[in-house]
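# Chains, contacts and geometry: an overview
Each chain, written out:
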Amino acid sequence: MRIDRLLQRTIRTAIKAQGVGVHSGKSVKIFLKPAPPNTGIVFRRIDLDPVVEIPASVHHVVDTALCTCIGYQGQSVNTVEHIMSALAAFSIDNLHIDITDKEIPIMDGSAAQFIFLLQAAGVVDQPVQRQYFVVKKTVSITDEQSGAVATLSPFNGYRIDITIDYDHPDIPDKCSNAVFDFSLTEFVRRVARSRTFGFLSDYNSLRKKGMALGSSLNNSICLDDAAVMNRDGLRFFDELVRHKILDAVGDHYLLGYPLQGFFKGFKTGHAMNNRLLLAVLSDPDAWEIKHANELGWNV
Ligand SMILES: [Zn+2]
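Everything numeric here is computed off the predicted structure, so don't read it as measured data.

The subject of this paragraph is helix α6 (residues 270-281). An α-helical segment advances 3.6 residues per turn. Residues three or four places apart therefore align on the same side. Spanning 12 residues, α6 covers 17 Å between terminal C-alpha atoms, matching the ideal 16 Å at 1.5 Å per step. H270, M272, N273, N274, L276, L277, V280 and L281 are the residues of α6 that are buried.

Here you go:
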């Protein structure tokens, strides 16, 4: 599918899906609907009366403990990162996402089914120029406790380089780093099918707290002390770090614009992704919004 990088885009026709929330365990429906230019991505909690609109924005992130949760006007929607990642892949600028509960369905734990939905809905250009979030200066943050480091630097394109570091016998060193140069084709080929993952020890304690109620081996990779527990194993030898890339693409898309920059992450997750974006935004010299035709591309 050709992507015109100059123009904003929405979907051609409305489409719906149904699944369970990975934390709530509840059945939830989502309806993706075309939206006019300059709307952005807006979640709408249609189970509430009146309906509450929650714009997808880095400023609305209210929780990053287990997923990325955005909230507005006292209401929230959880686990937005995988659908946001699929929307970033298709360069969808404007969309209404109506939802019947407070959690986006986990589907198979990856972005594959959201990609399938968007392919089925089709994508249309809109007669308004796209804008991009351009990183102008390197900004880096660290987390003293975990040793995590996240950096955004100027870059002619959108590149993600993530290293994970788990002391686990089934995650050898070769699985710990991946670099991704953003394009729809590469996203679909290398990233979209990678699933969320967790450790059995964490899963048991989350269950006791009434969380991860919808989690299963059908929608998550689970590792016990020795190995991956899923009977069919991994979809890619480095599926875990690929999923970290998937999450980062989704979290970055909460900027409200496609990113032009180089993200480098060591032991990063949703919390670091959000902290880094807020750190960049807090420095007016570190970024600017530009139209595509100002980026010097041969389009
Ligand atoms: Zn994820």
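Don't stop here, the text continues.
What follows deals with the nonpolar core. Among soluble globular proteins, nonpolar side chains are generally buried collectively. Counting residues in hydrophobic clusters, the biggest one holds 77 residues, and the most contacted among them are L32, F43 and F187. The two domains that each donate at least three residues to this core are domain 1 (7-129) and domain 2 (132-294). Setting aside chain neighbours within four positions, we find F43 in contact with V52, E53, I54, A56, I70, V77, V80, I83, M84, I97 and I104.

In this section: the coordination of the zinc ion. The zinc ion binds to the protein through H82 (NE2), H243 (NE2), D247 (OD) and D247 (OD), with metal-donor distances spanning 2.1 to 2.7 Å. Classification of the site at the zinc ion as irregular follows from its four donor atoms and the range of 53 to 149 degrees in their angles at the metal. Each donor residue of the zinc ion belongs to the same chain, and together they define the spacing H-x160-H-x3-D. Of this pair, H82 sits in helix α1 (residues 81-89) while D247 sits in helix α5 (residues 239-252); the two residues are 165 residues apart in sequence, bridging distant segments of the chain. Judged by relative accessible area, D247 falls into the buried class, the value being 10%.

So, about the sheet that holds strand β8 (residues 75-77). In space, the three strands of this open sheet follow the order β6-β7-β8, with antiparallel pairing throughout. Two strands bound the open sheet, and with one partner strand each, they are β6 (61-63) and β8. Sheet twist, expressed as the mean angle between neighbouring strand axes with direction ignored, is 45 degrees. In this sheet, strand β7 (residues 69-72) lies alongside β6 in antiparallel orientation, the contact comprising two bridges. Along β7, the bridge assignment pairs V61 with I70.

Turning to its location among the elements, S140 is positioned in strand β12 (residues 139-142). Sequence separation of S140 and S153 is 13 residues, and the distance between their C-alpha atoms is 8.5 Å. Beyond its immediate sequence surroundings of up to four residues, S140 is in contact with V149, A150, T151 and L276.

Calculation rules
Residues numbered from 1 in each chain as written. Predicted model: local features only at pLDDT ≥ 70, side-chain atom pairs only at ≥ 80, totals over all residues. Heavy atoms only, no water. Helix = DSSP H or I, 4+ residues; strand = E, 2+ residues; numbered from the N terminus. Expected span 1.5 Å × (residues − 1). Buried < 20%, exposed > 50% of the residue type's maximum accessible area, 1.4 Å probe, protein only. Core = buried A, V, L, I, M, F, W, Y, C linked by side-chain atoms within 4.5 Å. Domains from an automatic or database assignment. Contact = heavy atoms within 4.5 Å. Donors = N, O, S within 2.8 Å, 3.2 Å for Na, K, Ca; no water. Tetrahedral: all angles 85-135°; square planar, octahedral: opposite > 155°, others 65-115°. Pairing = 2+ DSSP bridges. Axes fitted to C-alpha atoms, helices over the stretch in contact; angles between N-to-C directions.

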